[in-house]
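# Structural description and commentary
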Amino acid sequence: MDVDRLLKQTLEALGVPVARLKYDGKAKTFITYQLVVGRDTHFTDDDSDAEEFTYRVDIYSKSDYIALMRRAKTALKSAGFFGIVFDPEVFERDTGYFHVPVEIKYMEV
């Protein structure tokens, strides 16, 4: 399974809408994600043995989202994602959403 599909399925299993880059729905809680970088790694004789992907996942909610954050971290780790970093949360006054950016990594061998 490719990493994009794995990430989308892992996030969808959390029970909230999930979209790449932009969500156009009306849900009070949703998640977006985007690929930040994919790079070759683990070189042997000038050939790459693996590719490391870095994604940004954004959790948006108009209510308490701490339980969703914890479930997301557990699910992502179980799916093989690592280097999970929750960046500072913000409140977006214009939309009324709390926004939590998350950086994650995945190694595809």
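On a predicted model such as this, the values are computed, not experimentally measured, just so you know.

### Observations regarding the pattern of salt bridges
A complete count under the given rule lists five salt bridges for this structure. Note that aspartate 58 is salt-bridged to arginine 56, the shortest N-O span being 2.9 Å. Aspartate 58 gets classed as buried once you look at its relative accessible area, which sits at 5%. Look at arginine 56 and you get partly exposed, because its relative accessible area is 32%. As a salt-bridge pair, lysine 105 and glutamate 103 come within 4.0 Å of each other at their nearest N and O atoms.

### So, the nonpolar core
In terms of nonpolar packing, the biggest core is built from 24 residues, with Leu7, Leu11, Ile31, Val57, Phe81 and Ile104 touching the most fellow members. Within the residue set of this core, elements represented by two or more residues are α1 (3-12), β2 (29-44), β3 (47-61), α2 (66-78) and β6 (97-108). When sequence neighbours within four positions are dropped, the list of residues in contact with isoleucine 104 reads Leu7, Phe53, Thr54, Tyr55, Val57, Leu76, Phe81, Phe82, Gly83 and Ile84.

### Looking at the pairing of β6
By the bridge criterion, three bridges tie strand β4 (residues 82-86) to β6 in an arrangement that is antiparallel. Within β6, the position partnered with phenylalanine 82 by the bridge is lysine 105. With three bridges joining them, strand β5 (residues 90-92) and β6 adopt antiparallel strand pairing. In the sheet register, glutamate 92 faces β6, and the bridge partner there is tyrosine 97.

What counts, and at which threshold
Residues numbered from 1 in each chain as written. Predicted model: local features only at pLDDT ≥ 70, side-chain atom pairs only at ≥ 80, totals over all residues. Heavy atoms only, no water. Salt bridge = Lys/Arg side-chain N within 4 Å of Asp/Glu carboxyl O. Buried < 20%, exposed > 50% of the residue type's maximum accessible area, 1.4 Å probe, protein only. Core = buried A, V, L, I, M, F, W, Y, C linked by side-chain atoms within 4.5 Å. Helix = DSSP H or I, 4+ residues; strand = E, 2+ residues; numbered from the N terminus. Contact = heavy atoms within 4.5 Å. Pairing = 2+ DSSP bridges.

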